[in-house]
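An overview of the molecular structure
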Amino acid sequence: MFDKILIANRGEIAVRVIKTCRRMGIKTVVVYSDADAGSLACEMADETVHIGPSPAAQSYLIQDKIVDVVKQTGAQAVHPGFGFLSENAGFARRLKAEGIAFIGPNPEAIDAMGDKITSKKFAAEAGVSTVPGHMGLIETPDEAVKIAREIGYPVMIKASAGGGGKGIRVAHSDDDMAEGFAAVKAEALNAFGDDRVFLEKFIVDPRHIEIQVLGDKHGNVIHLFERECSIQRRNQKVIEEAPSPLLDEATRAAMGAQAVALAKAVNYDSAGTVEFVAGQDKSFFFLEMNTRLQVEHPVTELITGVDLVEQMIRSAWGEQLAIKQDDLSINGWAIESRIYAEDPYRGFLPSIGRLVRYEQPEEGDQGDYTVRNDSGVREGDEISMFYDPMIAKLCAWGETREDAVRGMARALEDTHLAGLGHNVPFLAAVMDQERFQSGQLSTSYIKDEFPDGFHGLAPTPEQVKILIASAVAMNEVIAEQDGDPSERTDWTVLIDKAAYEVEVGYDEAEDLIVAIDGEEVSLSEIDWRPGLSLFKAVLDDDAFTAEVKRAADGFDIRHRAARARVRVLRPDVAHLYALLPEKQAADTSKLVLSPMPGLVVDIPVVEGQEVKSGETVAIIEAMKMQNILKAERDGKVKAVKAKAGDPVAADDVLVEFE
């Protein structure tokens with residue numbers, strides 16, 4: 001077995017590979033850029049080597065640097081993780097020529113399946129059902145429009161070398177196609193160094209289901225069942241689960257057999273994923289093959305008990321698969337939520353900054369569910385604009401899907417982040433939705449359920465009890481610590497503008513008894529003191545965790561996707577609150593504000609220019625994604641406040657109109 005492996009990646013996947021290497025007794029080398037100096041991966045690795053500036057194109061994507069470090073440290077193999085060089089056949093071929101093992105498939109398999117255009121042709125020739133489209137290279141927007149009309153809108157514009165949801169747009173018209181074609185080419189060149197683009201028919205109301213395959217260098221290939229990855233935003237997976245609530249045994253077997261046949265056809269010899277687009281009627285079409293470890297591999301590991309990273313290492317060493325297809329079965333259900341540094345309340349735009357607080361749920365057996373948290377950051381780390389905004393992959397396993405959903409919701413409650421925007425409230429909202437709980441999924445789920453964007457959810461009757469009881473309990477604790485415990489038992493609690501009459505007392509066990517409009521609830525096992533951001537307790541018989549923050553006149557409390565200002569007031573004071581005028585929002589109608597922190601790519605307008613509604617006035621980039629800002633109405637530019645290359649924060653003024 002290998003003595004030392006170099007990990008040509010960063011963040012949580014580097015940490016994930018280190019954990020398996022440690023268990024196998026293999027030493028690790030981690031390369032890092034300026035932005036990743038002092039990272040968790042660097043802390044955990046046996047050796048670290050700096051390879052350049054923060055942009056990936058100047059560090060993680062430079063093959064010469066990776067190979068030099070392998071030779072310098074005496075590593076025998078390279079694990080590429082996902083992204084970066086993981087699906088680069090030239091890199092795998094170069095390592096082979098240098099006598100260095102590539103912990104991934106052989107270069108020929110990457111060539112055959114890693115390029116999306118080639119893989120479509122290969123699959124079609126092999127008799128695999130594929131989505132209608134144009135597999136040839138497309139050079140100009142006019143050509144793209146012509147082909148799109150032949151295919152029929154809607155059409156997906158996809159980067160040939162794409163991955164991770166990057167370099168994909170859906171066009172519904174000629175105008176969408178012309179603009180999207182240019183945007184995808186730019187994103188693809190920036191993210192992958194390859195601007196080739198192809199088109200395929202966009203299937204309405206589809207589901208995204210993928211089969212995990214595993215092969216060795218002796219011709220053996222097995223599949224480890226499916227993952228459902230239909231909850232997506234901007235073609236980026238957000239929530240994944242295994243198995244899929246759609247499939248029956250016959251469909252599962254058919255998809256698995258097709259995936260294995262395809263892998264065997266290209267002599268696949270590592271972990272890989274065959275992706276399908278599936279109809280609600282269980283029909284399915286080959287989409288692409290990812291010739292690497294997938295981000296969402298933990299859910300497969302949780303239902304099969306197989307360590308995929310270990311199997312990749314053993315395959316690269318030349319061992320035969322020790323697992324037969326008949327040895328595998330599905331045990332329970334697993335769900336993964338991708339926790340991102342992004343603000344769901346601002347259209348999920350990237351959020352950059354320091355992770356001031358990061359409290360993670362306890363891993364392992366929690367009774368009715370099991371928690372796994374794959375993270376590459378710690379409290380105090382900086383979330384950089386140069387890479388993917390992922391903070392962690394939070395997983396919950398249960399014996400049934402219902403158990404897994406309930407466990408995930410509780411694990412999300414026990415996750416607290418501060419210092420930047422994050423999508424935990426959104427993930428919790430999905431777990432609480434009846435549609436998700438029923439398994440009625442599609443890739444348009446987020447657009448369908450949140451057509452006007454995410455603004456949180458109104459508290460349920462049960463959550464109203466949680467908000468009130470938590471606020472009353474914190475009010476009692478603060479008063480007692482201040483040496484001024486009130487003898488008052490009657491209060492009015494305001495949740496935003498809604499008023500509730502509350503009676504407070506204690507029972508013989510010293511549990512807090514709160515009567516809300518005459519209905520009593522019991523709050524016990526209270527775990528909170530001033531300064532803590534998480535309030536933990538048991539309401540009646542159900543444990544919960546709420547995120548709390550003291551405000552000037554009350555508390556800001558969030559439970560899952562419901563958040564509110566909660567005030568505990570004397571009834572006469574509460575009456576006065578109803579008379580206060582509402583604060584008016586500032587008029588920003590004449591300003592174009594940066595929706596996110598990032599870099600200015602272009603400001604294509606100048607002072608004095610007449611601008612028409614819909615015309616592009618600024619392009620901002622962060623975390624490999626471009627955001628195009630357009631004028632909302634006709635007007636004349638009064639001032640341009642930024643230029644290409646400038647760093648900007650969220651809400652910075654870019655352009656001002658007269």
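Residue positions within a chain follow its written sequence, with the count starting from 1. Note on the predicted model: pLDDT of at least 70 is required for a residue's local features to be given, and 80 or more for side-chain atom pairs to be given and counted; whole-chain, interface and lining totals, by contrast, use all residues. As a convention, hydrogens and water are excluded, and side-chain values are obtained from all of the structure's heavy atoms.

Helix and strand counts for the chain come out as 17 helices and 40 strands. Relative to its length of 658 residues, the chain is compact, with a C-alpha radius of gyration of 27 Å against a globular reference of 26 Å. A principal-axis box enclosing the C-alpha atoms of the chain has dimensions of 80 × 65 × 55 Å. The burial tally for the chain puts 57% of its 658 residues in the buried class. Contacts are residue-level and defined by heavy atoms, with any inter-residue pair within 4.5 Å sufficient. When contacts within the chain are restricted to residue pairs at least 6 apart in sequence, long-range pairs at least 24 apart make up 64% of them. A residue counts as positive if it is Lys or Arg and as negative if it is Asp or Glu; His and the chain ends are not included. The atom standing in for a charge is NZ when the residue is Lys, CZ when it is Arg, CG when it is Asp and CD when it is Glu. Separation between the mean location of the 70 positive side-chain charges and that of the 110 negative ones in the chain comes to 6 Å. Helix numbers and strand numbers start at the N terminus; a helix is a DSSP run of H or I with at least 4 residues, a strand a run of E with at least 2. Within these notes, the globule rule equals 2.2 Å times the number of residues to the 0.38 power, and the radius of gyration is based on C-alpha atoms. Relative accessibility decides the category of a residue: with a 1.4 Å probe and only protein chains considered, values under 20% of the type maximum give buried, values over 50% give exposed, and everything between is partly exposed.

A pairing counts as a salt bridge when a side-chain nitrogen of Lys or Arg comes within 4 Å of a carboxyl oxygen of Asp or Glu. Considering all chains together, one arrives at 58 salt bridges under this definition. In this structure, the salt-bridge partner of Arg252 is Glu226, at a minimum N-O distance of 2.8 Å. Taken together, the residues Arg252 in helix 9 (residues 249-265) and Glu226 in strand 11 (residues 221-233) connect sequence positions 26 residues apart. Each of the two residues, Arg252 as well as Glu226, counts as buried. Residue Glu240 pairs with Arg338 through a salt bridge whose shortest N-O separation is 2.7 Å. Note that Glu240 is positioned in strand 12 (residues 236-242) and Arg338 in strand 15 (residues 333-340), a separation of 98 residues in sequence. No difference in accessibility class separates Glu240 from Arg338, as the two residues are buried. Each of Arg16, Arg23, Glu301, Asp307, Glu310, Arg314, Glu319, Arg372 and Asp374 takes part in one network of salt bridges that share partners.

Let's shift gears to the sheet that holds strand 10 (residues 207-215). One open sheet accounts for nine strands, arranged 14-13-10-11-12-15-23-21-20; its pairing is antiparallel. Pairing within the sheet leaves two strands with one partner each, and these edge strands are strand 14 (284-290) and strand 20 (364-365). Here, any two strands with at least 2 DSSP bridges between them count as paired. Relative to strand 23 (residues 390-398), strand 15 is paired through eight bridges, and the arrangement is antiparallel. Its bridge partner lying in strand 23, Ala334 is registered against Trp397. Its contacts with the sheet put helix 9 on strand 10, strand 11, strand 13 (271-278) and strand 14, and the angle it makes with strand 11 is roughly 110°. Helix axes are fitted to C-alpha atoms over the stretch in contact, other axes to C-alpha atoms as well, and angles between N-to-C directions run from 0 to 180 degrees. Sheet strands in contact with helix 13 (residues 424-432) are strand 12 and strand 15, and its direction is about 150° off that of strand 15.

Let us look at the pairing of strand 9 (residues 197-201). Side-chain positions along a regular strand alternate between the two faces of the sheet. Within strand 9, four of the five residues are buried, which leaves the element mostly enclosed by the surrounding structure. One ladder, built from two bridges, connects strand 6 (residues 133-134) with strand 9; its direction is antiparallel. Counterpart to Gly133 in the pairing with strand 9 is Glu200.

Note on aromatic contacts: the rings of Phe and Tyr and the six-membered ring of Trp form a pair at centre separations within 6.5 Å, being stacked when their planes are under 30 degrees apart, edge-to-face when over 60 apart, and tilted otherwise. All told, the structure shown has 14 aromatic pairs when counted by the stated rule. Aromatic side chains Phe386 and Tyr387 sit 6.4 Å apart centroid to centroid with 55° between the ring planes, which places their arrangement in the tilted category. Judged by relative accessible area, Phe386 falls into the partly exposed class, the value being 33%. Chaining the aromatic ring pairs together yields one cluster made of Tyr345, Phe348, Phe426, Phe450 and Phe454. Cation placement over rings: the criterion is NZ of Lys or CZ of Arg within 6 Å of the ring centroid and within 35° of the ring normal. Across the ring face of Phe436, the terminal group of Arg401 is positioned such that the distance to the ring centre comes to 4.8 Å. Taking the ring centre of Trp491 as reference, the NZ or CZ of Arg488 above it sits at 5.8 Å.

Turning our eyes to something else, we now look at the nonpolar core. For the purposes of this section, nonpolar cores are sets of buried Ala, Val, Leu, Ile, Met, Phe, Trp, Tyr and Cys residues that join through side-chain atoms within 4.5 Å. Core analysis: the biggest nonpolar cluster contains 63 residues, and Ile5, Leu6, Ile66, Val78 and Ile313 have the highest contact counts within it. Of all the elements, helix 1 (residues 11-24) adds the most residues to this core, at seven residues. In this structure, Val78 is in contact with Leu6, Ala8, Val70, Phe91, Leu95, Ile100, Ala101, Phe102 and Ile103, ignoring residues within four places of it in sequence. Ranked by size, the runner-up nonpolar core spans 40 residues in total, among them Leu355, Ile391, Ala404 and Ala428.

Along the chain, the position of Glu200 falls in strand 9. Exposure remark for Glu200: the relative accessible area of 1% places this residue in the buried category. Apart from the residues lying within four places of it in its own chain, the contact partners of Glu200 are Lys120, Pro132, Gly133, Val155, Met156, Lys158 and Leu287.

With that out of the way, let us pick up the sheet that holds strand 33 (residues 591-593). Pairing in this open sheet of four strands is antiparallel, and the strands run 33-40-38-35 from one edge to the other. In this open sheet, the two strands that pair with only one neighbour each are strand 33 and strand 35 (610-611). One ladder, built from two bridges, connects strand 35 with strand 38 (residues 635-640); its direction is antiparallel. Directly across from Val611, in strand 38, lies its bridge partner Gly635.

This part takes up the pairing of strand 34 (residues 598-602). Pairing geometry for strand 34 and strand 39 (residues 647-648), over two bridges, is antiparallel. Bridge pairing links Leu599 to Pro647 in strand 39. Pairing analysis gives three bridges linking strand 34 to strand 36 (residues 616-622), with the strands arranged antiparallel. When the bridges of strand 36 are listed, Asp602 appears paired with Ile619.

Pairs of cysteine sulfur atoms within 2.5 Å are identified as disulfides in what follows. Applying the stated criterion across every chain yields a total of zero disulfides. With no disulfide partner, Cys21 has as its closest neighbouring cysteine sulfur the one in Cys42, 15 Å distant. A relative accessible area of 13% places Cys42 in the buried class.

Here the focus is helix 13. Of all nine residues in helix 13, eight are buried; the element is thus mostly enclosed. Among the residues making up helix 13, those that are buried are Val424, Pro425, Phe426, Leu427, Ala428, Ala429, Val430 and Met431.

A few words now on helix 11 (residues 308-317). Every α-helix carries 3.6 residues per turn, so stepping three or four residues along brings you back to the same face. Of all 10 residues in helix 11, eight are buried; the element is thus mostly enclosed. Where helix 11 is concerned, the buried positions are Leu308, Val309, Glu310, Gln311, Met312, Ile313, Ser315 and Ala316. Think of a polar contact as two N or O atoms within 3.5 Å of one another; within protein, one of them needs to be a possible hydrogen donor and the other a possible acceptor, and neighboring residues in sequence only count if both atoms come from side chains. The opening residue of helix 11 is Asp307, an N-cap whose side-chain oxygen sits 3.0 Å from the backbone nitrogen of Val309. One or two positions beyond helix 11, positive phi appears at Gly318, with a value near 110°.

With that out of the way, let us pick up the environment of Ile66. Here Ile66 is to be found in helix 3 (residues 63-73). A residue is classified by how much of its surface remains accessible, and Ile66, at 0% relative accessible area, is buried. Each C-alpha atom of the pair Ile66 and Ile51 lies 7.8 Å from the other, and the pair is 15 residues apart in sequence. Excluding residues that lie within four positions of it along the chain, Ile66 makes contacts with Leu6, Ala8, Val31, Ile51, Tyr60, Leu85 and Phe91.

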